[in-house]
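# Coordinate inspection notes
This is what each chain is made of:
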Amino acid sequence: MYAELVFPLPFRNSFTYSIPAELKHSAQIGVRAVAPFGKRTLTGFIIKIKDKCDIKEKIKPLHDILDDVPIFDEERLKFYEWVSEYYLSSLGEALRLAVPYGLDVESKRKIIVDKLITAKLLAEKESKNSLQRQILDVIKDKEELAFSALQKLTGKKNIHSTVRTLENKGALTVLTTLVEAKVKIKTAKYVQLVKSLADVYDLIPEIESRSPQQVKILLELTKKKSTPIALASLLKKTEASGSSVESLEKKGVLKVFDKEVERKYEEEFKEAKIEFVLTEQQQSSVDEISKHINPFSFKPYLLHGITGSGKTQVYIELIKKVLDAGKTALILVPEISLTPQITSRLFNNFGALVSVQHSRMSLGERYDAWRRLLNGKSKVVVGARSALFSPLKEIGLIVVDEEHDASYKQWELVPKYHARDAAIILGKHSNCPVVLGSATPSIETMYNALNKKYALLNLPERIDNAKLPKIELVNVIIEKKKGRMQNVFSTILLDKIADRVAKKEGTIILQNRRGFSTQIFCDDCGEIETCQNCSVPMVYHINKNYLQCHYCGLTVEVPKACTTCGSLSIKYFGTGTERVEDELEFYLPGAKIRRIDSDSVSKKNSLSIMLRDFSRGDIDILVGTQMVSKGLDISRVTLVGVISAETSLWMPDFRADERTFQLLTQVSGRAGRSKVEGEVIIQTQNEKNFTLKKVIADDYNGFYEKEIRDRQQMGYPPFTRLCLIETKDPDEEKARGAIFDYFYELKVYSKYLKITPPSTALIARLKGNYRFQILIKSGREVDPGGAILRKAVLDSFIEFNRKSRFKDVKLFFDVDPQSIM
């Protein structure tokens, strides 16, 4: 028997291995296998089992199989094949998404250094080989380091022959060790009675005088009868020692054994369960989608409901129907900010059937939640974009809430998938309805709905007779001239906040920038303090008193003088959430204020606790970035303030207007979700801006009509498909040379595609790498499925690897990028 494996590496072919006799019963499509790969040992995925093999060379055997239950079946494999083909990755890289981080078994190479011989070789003048000298310089002060770390420190990948030479000279030794999975099943010691209760009661008088501790243990165990008790809690409760338990175990009264302990993620934020009666419009939406539930069939829907129209309740009613039919449900939410409230509502309705998946969970919690889904114990999964790849079987419903959100796009790792678009394809493979919900649908989704690709359902009214908030624009330039600005706040906004604090009503303030000051510049030479790894300004954080780069994470001390000219005339410019919080504390000293951004919610459950306290009235004002605009449904919020509407409006990106409209409409929708009417104050420098006018009028259709005309005129999605090609390298000339060599190969396809010449990325340097880009546009009329685009990109890449002297430079392909910055 033979198995075909793919590995999570950028190779587009599979590899054949023989299956040893002892592994034949475990080998099946969809399980992970440990196998030799060159000089390494890696974890791969079995995608095919066959009994014949045409390969003439010696075939290596598999080392081990890691799973008892397949992670994917042949139907789900087709979905991963689509992900890899559409987003231009290998199948192994796509299948890596099916497994939580930390489960791989692989070999790692480690270098052990002999410092004496290293110093001796460095002293020799004959050592002219520059790479050899470079390696010796790196290792001279180290005891040991990883082989990959040496590659990184020298900036060279191909160091194998030089390392071998140095190993022969005795300067170092290379060791290969097998590294086990980082996360495993958690177990704990448990105690259980073996003898009958009658026998135990007979034993107690015998040992009562000799060992009172043993009696305490037995009495505690008799209360539980045959139910096992955790050893640690038993010893704590009885104040007994481990030796007492050991004595009773030797007497055959009880047994001590290892039992799996499930790590469950729990939110601090909890809501009381409310029985809802659906509105006529909600019921109509449920009835329409239910036409494709039992019997199940694929149908994509756009549920366009204004903020507060009760979309979540529609999802819950649909999940009930799906579970009754014996199927499972997948609910995607953007980032972490939506999960505390929506998970609370799902747990209220479906209890232990719900599993959560998101990045704030520990590795162990994510692994246990994943195993619950794999084993069929959980029937509903709710989570951020990665939850799309959960091992749910028999999917009967997929929901993508706030489908317009940019965080559904994976932009860091390969494959750079879009969870919303991939969810549609998964729904097709699962033969089930897919519901895309939003108050501000993306332009592409609304276009698909209006062109009958998706069915359009509307929820135009808020539930419980709540009214949409009244929105007012305040021009900060005019207010400044009239002396009605208090630093970043207009007097109008400050007065309204003070009024809400006095009334014990909730206020949300949005400023979509972290930190205190977003720039520090010198008044004499005009230089801005920028990151040494990235071409972006450093941000001043007052709480920790340092400058931080929000792209690479670098932190440095606040300079006392200009680092360019030495001048003491340093100015702080721009406003972040820390400054907004600081000024509110000054103007409203009695108010209870909390900040929500990625700096303040990094601790586990910190967001949940803040939302719980805010909903109870223990916090008056929440200040935050876009995290406060997403899905918060708190009835006591009656005022929303936006410090600067221009934060996202001025971005040099074709989606800037759309992003601004969505952000301002969404954050405005947090106000007035009860009988008390809400109010929104948006501070701006241009109240005549078209996007802002449409936000005030709550006119999504008017905004969409202008935006779709502009997109068609400029050749942007949904009329074209985009692909962003990027080179990254610490050497600027290499990164530039690679992009031009690739462009030369790509030009062959210029009659089918619109290809922009290579240019420096807007953020020219990021995390120490110089960046150059090419943007490709493929017309939907000529290339409806994007096949021409994908062929052009891959064929050009093959030619680039064959001809270019810069082929060691990394190229990244981003199909359907959400930003071209």
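Here, every reference points to the structure presented above.
Residues numbered from 1 in each chain as written. Predicted model: local features only at pLDDT ≥ 70, side-chain atom pairs only at ≥ 80, totals over all residues. Heavy atoms only, no water.

### Observations regarding the overall build of the protein
Quick note on the threshold: Strands are runs of DSSP state E lasting at least 2 residues, helices are runs of H or I lasting at least 4, and numbering of each runs from the N terminus. When checking whether two residues touch, look at their non-hydrogen atoms; a contact exists if any pair is within 4.5 Å. For every accessible area listed, the method is Shrake-Rupley and the probe measures 1.4 Å; residues are considered covered only by the protein chains on display. Asp and Glu are treated as the negative residues and Lys and Arg as the positive ones, with His and the ends of the chain left uncounted. In plain terms, the charge of a residue is placed at NZ if it is Lys, CZ if Arg, CG if Asp and CD if Glu.
When you go through the protein residue by residue, the secondary structure sums to 26 helices and 36 strands. For the protein, the C-alpha atoms occupy an extent of roughly 85 × 80 × 65 Å along the three principal directions. Contacts spanning at least 24 positions in sequence make up 75% of the contacts within the protein whose residues lie at least 6 apart. Total accessible area computed for the protein in this model is approximately 38500 Å², and 50% of it derives from carbon and sulfur atoms. Separation of charge centres in the protein, based on 126 positive and 106 negative side chains, amounts to 2 Å.

### A closer look at the packing of aromatic side chains
Cut-off, in case you're wondering: Stacked, tilted and edge-to-face are the three classes applied to pairs of Phe, Tyr and Trp rings, where Trp contributes its six-membered ring and a pair requires centres within 6.5 Å; stacked means planes under 30 degrees apart, edge-to-face means over 60, and tilted covers the rest. A 1.4 Å probe rolled over the protein chains alone gives each residue an accessible area, and that area as a share of the maximum for its type sets the label: buried under 20%, exposed over 50%, partly exposed in between.
Taken as a whole and judged by the stated rule, the model has 29 aromatic pairs. Pairing F11 with F15 gives two aromatic rings, centres 6.4 Å apart and planes at 80°, and the pair type is edge-to-face. Given the relative accessible area of 39%, F11 is considered partly exposed. By relative accessible area, which is 23% here, F15 ends up partly exposed. Residues F45 and F72 carry aromatic rings whose centres are separated by 6.4 Å and whose planes lie at 50° to one another, so their mutual orientation is tilted.

### Brief notes about the sheet that holds strand β9 (residues 187-193)
Within a sheet, adjacent strands bond to each other through the backbone by hydrogen bonds, running parallel or antiparallel. Our working rule: A strand pair is defined by DSSP finding two or more bridges across the two strands.
The sheet built from 3 strands is open, its strands ordered β10-β9-β11 with antiparallel pairing. Every other strand in the sheet has two partners, leaving β10 (229-230) and β11 (254-260) as the edge strands with one partner each.

### Description of the pattern of salt bridges
Quick note on the threshold: Between Lys or Arg on one side and Asp or Glu on the other, a salt bridge is scored when a side-chain nitrogen of the former is within 4 Å of a carboxyl oxygen of the latter.
On inspection of all chains with the given rule, the structure shows 51 salt bridges. Here E479 and R484 are joined by a salt bridge, their closest N and O atoms 3.0 Å apart. Classification of E479 as buried rests on a relative accessible area of 6%. Of the charged contacts in the structure, one is a salt bridge between D795 and K791, with a shortest N-O distance of 2.7 Å. Of this pair, D795 and K791 both sit in helix α26 (residues 787-803), 4 residues apart, which is roughly one turn of the helix.

### Brief notes about helix α25 (residues 732-746)
Note the threshold: In a helix, the anticipated span is given by 1.5 Å times the number of residues less one. Polar contacts, as counted here, are pairs of nitrogen or oxygen atoms within 3.5 Å of one another; within protein the pair requires one atom able to donate a hydrogen and one able to accept it, and residues that are adjacent in sequence qualify only if both atoms are side-chain atoms.
Between its first and last C-alpha atoms α25 spans 21 Å; for 15 residues at 1.5 Å apiece the expected length is 21 Å, and the two agree. Along α25, the residues classified as buried are A735, G737, A738, I739, Y742, F743, E745 and L746. Tucked into the core, α25 has its buried residues touching β32 (720-729), β33 (754-755), β35 (769-779), α26 and β36 (810-815). Capping the start of α25 is the job of one residue whose side-chain oxygen sits 2.9 Å from the backbone nitrogen of E733: D731.

### Looking at the sheet that holds strand β14 (residues 354-357)
To be explicit about the condition: An axis is simply a line fitted to the C-alpha atoms; with a helix, the fit covers only the stretch in contact. Between two such axes, the angle follows the N-to-C directions and lies from 0 to 180 degrees.
Ordered by their spatial adjacency, 7 strands build an open sheet running β14-β15-β13-β16-β17-β12-β18, and the pairing between neighbours is parallel. In the strand order of this sheet, the two ends are held by β14 and β18 (455-459), each with one partner. Ignoring strand direction, the axes of neighbouring strands in this sheet form an average angle of 20°. Note that strand β13 (residues 328-332) and strand β16 (residues 395-401) share 5 bridges and pair parallel. In the sheet register, A329 faces β16, and the bridge partner there is L397. Helix α11 (residues 280-290) rests against β12 (299-305), β17 (433-438) and β18 of the sheet, and its axis sits at about 160° to β18.

### Re the side chain of T518
For T518, the location among the structural elements is in the loop between β22 (506-510) and β23 (519-522). Classification of T518 by relative accessible area gives buried; the value is 17%. Apart from residues no more than four positions distant in its own chain, T518 is found in contact with R513, P537, M538, V539, F573, G574, T575 and G576.

### A look at the nonpolar core
The condition that has to hold: To form a nonpolar core, buried Ala, Val, Leu, Ile, Met, Phe, Trp, Tyr and Cys residues must be joined to one another through side-chain atoms within 4.5 Å.
Ranked by internal contacts, the top residues of the largest apolar core, which has 107 residues, are L388 and I776. Each residue touching L388, except ones within four places of it in the same chain, is listed here: F79, L330, L332, A419, A422, A423 and L426. Formed by 33 residues, the second largest nonpolar core is a distinct cluster that contains I289, F296, A455 and L457.

### Observations regarding the packing of helix α7 (residues 197-207) against helix α8 (residues 212-224)
So the rule is basically this: Here is the rule for angles: anything less than 35 degrees is roughly parallel, anything more than 145 is roughly antiparallel, 65 through 115 is roughly perpendicular, and the remaining ranges are oblique. The crossing is said to be left-handed when, going from far helix to near helix, the turn is anticlockwise and less than a right angle, and right-handed when the turn is clockwise. Only Asp, Glu, Lys and Arg are considered charged, only Ala, Val, Leu, Ile, Met, Phe, Trp, Tyr, Cys and Pro nonpolar, and every remaining residue, Gly among them, polar.
Where α7 meets α8, the closest approach of the two axes is 10 Å, and the angle between their N-to-C directions is 160°. With respect to each other, α7 and α8 are oriented roughly antiparallel. Judged by the sense of rotation from one axis to the other, the crossing of α7 with α8 is left-handed. Residue-level contacts link L197, V200, Y201, L203, I204 and I207 of α7 to P212, Q214, V215, L218, L219 and T222 of α8. The residue makeup of the contact of α7 with α8, split by class, is 10 nonpolar, 2 polar and no charged.

### A word on unusual backbone geometry
Omega for the peptide link from V414 to P415 comes to 0°, which places this bond in the cis form. Turning to its location among the elements, P415 is positioned in the loop between β16 and α15 (419-430). Note that the residue after P717, namely P718, is joined by a cis bond; omega there is 15°. Relative to the assigned elements, P718 resides in the loop between α24 (700-714) and β32. Even without glycine at this site, N294 takes up a positive phi of about 50°. With respect to the secondary-structure elements, N294 resides in the loop between α11 and β12.

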